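Given next are the chains, with one letter for each unit.
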2 protein chains.
Amino acid sequence: MSTPTPSTSPSVILTGDRPTGPLHLGHYVGSLQNRVAYQHDYQQFIMLADAQALTDNMDDTGKVHRNVVEVALDYLAVGIDPAKSTILIQSQIPELAELTFYYLNLVTVARLERNPTVKAEIVLRGFERDIPAGFLTYPASQCADITAFKATLVPVGEDQIPMIEQTNEIVRRFNRTTGRDVLVECKALVPEIGRLPGIDGKAKMSKSLGNTINLGASAAEITAAVKKVYTDPLHLRVEDPGHLEGNIAFVYLDAFDPEKAALAEMKAHYVRGGLGDSIVKKRLEVVLQEMLAPIRARREELAKDRGYIMQVLKDGTAKAREVAARTADEVKAALGLSYF
Amino acid sequence: MSTPTPSTSPSVILTGDRPTGPLHLGHYVGSLQNRVAYQHDYQQFIMLADAQALTDNMDDTGKVHRNVVEVALDYLAVGIDPAKSTILIQSQIPELAELTFYYLNLVTVARLERNPTVKAEIVLRGFERDIPAGFLTYPASQCADITAFKATLVPVGEDQIPMIEQTNEIVRRFNRTTGRDVLVECKALVPEIGRLPGIDGKAKMSKSLGNTINLGASAAEITAAVKKVYTDPLHLRVEDPGHLEGNIAFVYLDAFDPEKAALAEMKAHYVRGGLGDSIVKKRLEVVLQEMLAPIRARREELAKDRGYIMQVLKDGTAKAREVAARTADEVKAALGLSYF
């Protein structure tokens, strides 16, 4: 990942997930691992964006509710430590909606419509003309989430950079309009490791594409998934030279196999010819089983104590709310909306 | 005004003003008088829509802040009784922004753009393509204000009826989507007495047109305003027959002169010829001075005790917030956003 600029005050990270399904290896590589590392050096807020998830899940709100706990389990299972990171539930902090409300006055409809991320997602979700207003305006909501915690670093994929730019536009406009330095600009923190492809070879691992391996996957599910992993379609006989590019088995081994030297040897053998896919997949299975077994075990252990999970969420949300409420007070004061 | 349908549970009224300037005779005729009457028979919430006022006043937030107290003074001076009506400050109830946030998912951008009231106001304010998002989405905010208090009656002008329709669309969609009867539909309560024209004869009395007589106007200001009141431009000589139509002096006398018989006589005389404008205006001045003197006196008396005004606003807002918070809890529960 790109190295965040050091500053005198400790950097604040805002990150999170829309709780619409269990997290998978794609999340692990793209964000969870980083969060586990970040939490030692930064003040980190991790948001379960349940309110945000409703923008395109109004027809299945139960799914969002259920997955809040599932995603929280994933967080704790991979090593996010609630004593170091603040895990919060978005909908339980009304100040985030309040900030959104005010920020909507600082961005024009035309500007929102030009936002490349919003444009791409409108196409992706097939909204066409029937875009829910909450979807068009979600950059303002994202700006609220970021600025409420005065986050200076926001880990995002390349495709989300326009959202960060939009946030900073609103921040600058707010500070300029009110003549006060209330809000803080943020930087995108784009991980160096790109997106993990799906087991089918598609560019993105995604629940809706059915090409994921979940963090909580059982041993049998892992075995079944590895069997389906896309390799080299031209590698028909063992003795044929194989290709590494687009070969998901090797992409995953690159990402997860801790034995780099043995992996390099295996790659060379594969390219040379004489190494069957089944051997490669066998290694991949060992690697994934070894990596996921302790995560699954922690997850199962934690899942037995729902009370503990809820307490973690409650405490994190309360702590986060204090920060957000302070920002909302400052924002309202700057807008002349303080009376009592 | 149209008679509200009686129902088994007492009707709830939601009404209010954008605090962007002192209230004037137009407000008095169009709404304040009705509110004074309604408060005996209905549960009435009167909202100082300061947050809403920002949608087109981000460049002068101080104006909004100042006018919250001014408008509250106007309310109390005309006889709105804080023991009977609940006066609240919109920005101090975060649940209103919260409800807005969720309702934005229940209305499409295209639908908002088709709203005739929004369309007309976009033209009126000269926004063209640079419409602040908060302005386009304000029907969702209005829906939040109405539904937070489960208002069944909303006093509005004819031109605001599309806003009420939009609110009811969101209400129906929410109840249908969640399968719960949480939100309540409302009816527009359109006053029979139309809009009071400005002193210059323009259809609307409006601060921005500079054709108002404020409720707190001094005796000298009333005198000066009456001098400027538009009458009959064809009534050049006293002996000429005069016209009543569009004659603002008579429009105001119709609205405010308690001596109906004498007024009828005066009108006949004017139409016949032989009655000068100065006599008509003299009567108008007497009527307005008599009507506004006690309001101004109460206003001046109340203005001395800012602490009392702030206490009224604080108490009303606290009471209203309890109701709105209950609704927001129900709304979030229906959306599956309850956890602790």
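Residues numbered from 1 in each chain as written. Chains lettered and ligands numbered in written order. Predicted model: local features only at pLDDT ≥ 70, side-chain atom pairs only at ≥ 80, totals over all residues. Heavy atoms only, no water.

Per an unreviewed UniProt entry, chain A carries the name Tryptophan--tRNA ligase and comes from Rugamonas rubra. Looking at the Catalytic activity (unreviewed entry) heading of the UniProt record, one finds this comment for chain A: "tRNA(Trp) + L-tryptophan + ATP = L-tryptophyl-tRNA(Trp) + AMP + diphosphate + H(+)". Its UniProt record gives chain A the following Sequence similarities (unreviewed entry) comment, quoted word for word: "Belongs to the class-I aminoacyl-tRNA synthetase family." (UniProt positions renumbered as here; feature names shortened; annotations may be inferred.)

A. Just the interface of chain A and chain B, in detail. Taken together, the contact pairs 48 residues of chain A with 48 residues of chain B. Here chain A meets chain B over a buried area of about 4,500 Å², counting both sides, of which 68% is carbon and sulfur. Per-residue buried area on chain A facing chain B is highest for Met58(A), Tyr339(A) and Phe340(A); these three make up 17% of the total on that side. Applying the counting criterion to the chain A and chain B interface returns zero salt bridges. For the interface between chain A and chain B, the tally reads 16 residue pairs in polar contact (both at pLDDT 80 or more). Of all elements in the fold, only helix H2 (50-53), helix H3 (61-78), helix H4 (94-103), helix H5 (109-114), helix H7 (133-136) and helix H14 (306-334) of chain A reach the threshold of two or more residues within the side of chain A that touches chain B. Residues that form the side of chain A that touches chain B fall into these classes: 26 nonpolar, 15 polar and seven charged. (Contact = heavy atoms within 4.5 Å. Buried area = accessible area lost by both parts, 1.4 Å probe. Salt bridge = Lys/Arg side-chain N within 4 Å of Asp/Glu carboxyl O. Polar contact = N/O pair within 3.5 Å; in protein donor to acceptor, adjacent residues only side chain to side chain. Helix = DSSP H or I, 4+ residues; strand = E, 2+ residues; numbered from the N terminus. Nonpolar A, V, L, I, M, F, W, Y, C, P; charged D, E, K, R; others polar.)

B. Summary view of the relation of the copies chain A and chain B. With an axial shift of 0.0 Å and an RMSD of 0.0 Å, the rotation relating chain A to chain B amounts to 180 degrees. Viewed as a symmetry operation, the transformation between the two copies matches a two-fold axis. (Least-squares fit on C-alpha atoms with pLDDT ≥ 70 in both.)

C. Spatial organisation of helix H12 (residues 260-272) of chain A. Residue and element names in this part refer to chain A. With 13 residues, H12 should cover 18 Å at 1.5 Å per step; its first-to-last C-alpha distance of 18 Å lies within 8% of that length. Buried within H12 we find Leu-263, Met-266 and Tyr-270. Relative to the axis of H12, the buried residues are bounded by an arc of 60 degrees and lie together on one face. H12 presents Ala-261, Glu-265 and Arg-272 as exposed residues on the side facing more than 90 degrees away from its buried surface. Contact partners of the buried residues in H12: helix H11 (248-256) and helix H13 (277-303). Just downstream of H12 lies Gly-273, where phi reads positive at about 105 degrees. (Expected span 1.5 Å × (residues − 1). Buried < 20%, exposed > 50% of the residue type's maximum accessible area, 1.4 Å probe, protein only. Arc of directions from axis to C-beta.)

D. Quick look at the environment of Arg283(B). Residue and element names in this part refer to chain B. Along the chain, the position of Arg-283 falls in helix H13 (residues 277-303). Residue classification places Arg-283 among the partly exposed positions, given a relative accessible area of 22%. Spatially, the C-alpha atom of Arg-283 lies 45 Å from that of Ala-318, the residues being 35 residues apart in sequence. In this structure, Arg-283 is in contact with Leu-253, Asp-257, Pro-258, Glu-259 and Met-266, ignoring residues within four places of it in sequence. A distance of 2.7 Å separates the side chain of Arg-283 from the side chain of Asp-257, its partner in a polar contact.

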